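Analysis of the macromolecular model
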Amino acid sequence: MPTHFSQPDSSLNTFAPRLLTWFETNGRHDLPWQQHQTDTPNPYIVWLSEVMLQQTQVTTVLPYFARFMKSFPTVQDLAAADWDTVAEHWAGLGYYARARNLHKGAKQLVDIINETGEFPQTLAGWEAISGVGPSTAGAIMAMGLHRYGVICDGNVKRVLTRWAAIDGDITKSATTKELWALAERLTPRESSGLFAQAMMDMGATLCTRSKPACLLCPLQDDCLAHAQGRETDYPVKAKKQPKPSKFSNALLIHSIEGDILWLQRPDNGIWGGLWSLPLQFVEKINGNASVKTTGKKQAANNGKQSNVPIDVRSNEKVYEAEFTTAEQIINEWLAKNNLVTETVSNSLLTDAPIKHSLTHFHWYLQPHSLTLDAKQTAEISKALQAADINIIWLNADEAQATLGLPRAMIKVLE
DNA sequence: ATCCAGGGGA
DNA sequence: TCCCCTGGAT
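Predicted, not measured: the structure shown is a model, and the values here were computed from it. (Residues numbered from 1 in each chain as written. Chains lettered and ligands numbered in written order. Predicted model: local features only at pLDDT ≥ 70, side-chain atom pairs only at ≥ 80, totals over all residues. Heavy atoms only, no water.)

1. Thoughts on the overall build of chain A
The helix and strand tally for chain A stands at 17 helices and 8 strands. Relative to its 414 residues, chain A shows a buried fraction of 49%. Considering only intrachain contacts with a sequence separation of at least 6, the fraction spanning at least 24 residues in chain A is 69%. Carbon and sulfur atoms make up 51% of the accessible area of chain A, which amounts to about 21,100 Å² in all. (Helix = DSSP H or I, 4+ residues; strand = E, 2+ residues; numbered from the N terminus. Buried < 20%, exposed > 50% of the residue type's maximum accessible area, 1.4 Å probe, protein only. Contact = heavy atoms within 4.5 Å. Areas by Shrake-Rupley, 256 points an atom, 1.4 Å probe, with all protein chains shown as cover.)

Right, here's the structure in full:
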């Protein structure tokens, strides 16, 4: 299919030279994973940093990257590490499936190196590594191997939709295709690594989501969005639907010794492979997050009214069994031993001290403590271990220091 | 307080 | 197409 671009050839052809000139004096050249100033790039470093940067901003990644490099200076070190060690290093970064893919990918890479003597050298070779998709593979090719590679990540999409006034919904595959075609058309065969880095720097420092610094932009002369004063109308993205809300008790089950029961979560689903308190699912409410129940609130912050009528739209409540195997075992055991906590009141929404928002729902967590005697502690441990659940009894400080805990668990402990 | 970004896998 | 998680912007 013939590809049509909204920009003329003259603009398409000068895009890269203008961008690269800007990058020379205005781009970032000191990020610890950059390989553009060496002739012997290290693909491990670029792979590791790109996987981290897939989901997280540079400033957040910096300390995590440093710690990974210190503990796992080579891909062999990472491949040989225990999952729990990797998880503990990743804890707090979010999207934990990526940590699992990173660990799995390290093992795949070591196998390939043992077989061929080197890292993969092709785009397809990198895309075959777990956790590496088209854009990350392009980045590694261009910046980690100094070969030809094209990236089309969120930064690139923002720059290109503005420059070429592409108004298709970027979550649609047709628009994705169009943007990839444009990125390929613009990427120079030589110095695609510098081009990739320059595009990311443009998106991060100049062509930002809000308040883009168009006056400093090397592309402003022919930027179609800028010509119309409509920079922030791009990229176009479908409206998100309201998130459901979910309520859970977070059980702090103490032993006589003062330790707390921790469970390792299954690989699929939220916080896969990380450690968590047992969570007791209470209910899920569809619809909007502004749902309120009547009831008194703790000291109102700024004189806002504290009694709000029930929002009628919230009345369809969806009760679902959302328990892991471990949590079912614990719930049944608690019921059998008459340790069941009182049913959570319908004021949970306003009273729950911890709110954690995820992509597709809001999660309200209510910490709840109980203490078991020695016999009960042994009994519940045995029941969980019999079902092959990984459990550990640790006090709060030890858990934070040694386990991979998601942020929400840190909030509960605080 | 709420909204939003971000790439890959199932 | 939906699901991951957290921090930063507003």
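The structure having been displayed, the exposition proceeds.
2. Describing the protein's contact with DNA strand B
Around DNA strand B, 19 residues are found, and the nearest of them are Arg98, Gly131, Gly133, Asp153 and Gly154. Near the protein, meaning within 4 Å, the atoms of DNA strand B are sugar or phosphate in a fraction of 73%, with bases accounting for the rest. At a separation of 2.7 Å, a phosphate oxygen of DNA strand B approaches a polar backbone atom of glycine 154. For the surface near DNA strand B, the residue count by class is 3 nonpolar, 10 polar and 6 charged. (Near = heavy atom within 4 Å. Polar contact = N/O pair within 3.5 Å; in protein donor to acceptor, adjacent residues only side chain to side chain. Nonpolar A, V, L, I, M, F, W, Y, C, P; charged D, E, K, R; others polar.)

3. Considerations on the side chain of glutamate 88
Looking at the element boundaries, glutamate 88 is found in helix H5 (residues 83–90). Reaching out from glutamate 88, the side chain makes a polar contact with the side chain of arginine 67 at a distance of 3.0 Å. Excluding residues within four positions of it along the chain, glutamate 88 makes contact with Arg67, Ala401, Thr402, Leu403 and Gly404.

4. Focus on the nonpolar core
In this structure, Phe15, Trp47, Trp126 and Trp262 are the most contacted members of the largest nonpolar core, which totals 103 residues. A domain-level breakdown of this core finds at least three residues from each of domain 1 (9–233) and domain 2 (245–413). Once residues lying within four places of it in the same chain are set aside, the contact partners of tryptophan 126 are Pro43, Trp47, Leu109, Phe119, Pro120, Gln121, Val132, Ala137, Ile140, Met141 and Leu145. Judged by nonpolar contacts, the second largest core, of 16 residues, contains Trp333, Leu334, Leu370 and Leu372. (Core = buried A, V, L, I, M, F, W, Y, C linked by side-chain atoms within 4.5 Å. Domains from an automatic or database assignment.)

5. Quick look at the protein's contact with DNA strand C
Neighbouring residues of DNA strand C: 19 residues in total, closest Ser210, Trp271, His356, Ser357 and Thr359. At the protein interface, 58% of the atoms of DNA strand C within 4 Å belong to sugar or phosphate. Taking glycine 92, its main chain carries an N or O atom lying 3.4 Å from a sugar or linking oxygen of DNA strand C. A distance of 2.5 Å separates a phosphate oxygen of DNA strand C from a polar atom in the side chain of arginine 407. Broken down by secondary-structure element, the contributors of at least two residues to the surface near DNA strand C are helix H6 (96–116) and strand S6 (354–357). Split into classes, the residues belonging to the surface near DNA strand C amount to 7 nonpolar, 10 polar and 2 charged.

6. Some remarks on helix H9 (residues 154–163)
Counting buried positions along H9 gives 8 out of 10 residues, so the element sits mostly inside the fold. When we look at burial in H9, the residues that qualify are Val156, Lys157, Arg158, Val159, Leu160, Thr161, Arg162 and Trp163. Where H9 is buried, its residues contact helix H1 (9–26), helix H10 (173–186), helix H11 (192–206) and helix H12 (224–227). Two or three places before asparagine 155, at the start of H9, stands the capping residue aspartate 153, its side-chain oxygen 3.2 Å from that residue's backbone nitrogen. Residue alanine 165 follows H9 closely and has a positive phi angle near 50°.

7. Things to note about the packing of helix H2 (residues 43–53) against helix H8 (residues 134–144)
In the contact formed by H2 and H8, the axes pass within 9 Å of each other and the chain directions differ by 145°. In this structure, H2 meets H8 at a crossing whose hand is right-handed. For the pair H2 and H8, contact is made by Pro43, Val46, Trp47 and Glu50 and by Thr136, Ala139, Ile140, Met143 and Gly144, respectively. Residue composition of the contact of H2 with H8, by class: 6 nonpolar, 2 polar and 1 charged. (Axes fitted to C-alpha atoms, helices over the stretch in contact; angles between N-to-C directions. Left-handed = near helix turned anticlockwise from the far one by under 90°.)

8. Some remarks on the UniProt feature "domain: HhH-GPD" (unreviewed entry) in chain A
Summarizing the sequence annotation, UniProt attributes the feature "domain: HhH-GPD" (unreviewed entry) to residues 52–205 in the numbering used throughout. The distance separating the terminal C-alpha atoms of residues 52–205 is 19 Å; by composition the span is 68% helix and 0% strand. (UniProt positions renumbered as here; feature names shortened; annotations may be inferred.)

9. A closer look at the environment of isoleucine 140
Inspection of the secondary structure assignment puts isoleucine 140 in helix H8. As a C-alpha pair, isoleucine 140 and serine 49 span 91 residues in sequence and 9.8 Å in three-dimensional space.

10. A closer look at the pairing of strand S7 (residues 362–371)
Across 10 bridges, the pairing between strand S1 (residues 245–254) and S7 is parallel. If you follow leucine 252 over to S7, its bridge partner there is serine 369. Relative to S7, S6 runs antiparallel, the two being bridged by 4 bridges. When the bridges of S7 are listed, lysine 355 appears paired with tyrosine 364. Where S6 folds back on S7, the antiparallel hairpin that results is connected by 4 residues. (Pairing = 2+ DSSP bridges.)

11. Section: the packing of aromatic side chains
According to the stated counting rule, one finds 10 aromatic pairs in the structure shown. Consider the rings of phenylalanine 15 and phenylalanine 195, whose centres lie 6.1 Å apart with planes at 55°: the pair is tilted. You can see phenylalanine 15 sitting in helix H1 and its partner phenylalanine 195 sitting in helix H11, a full 180 residues away along the chain. The class of phenylalanine 195 is buried, set by a relative accessible area of 5%. Each member of the aromatic cluster is reached from another via a ring pair, and the members are Phe15, Trp163 and Phe195. (Phe/Tyr/Trp six-rings, centres within 6.5 Å; stacked < 30°, edge-to-face > 60°.)

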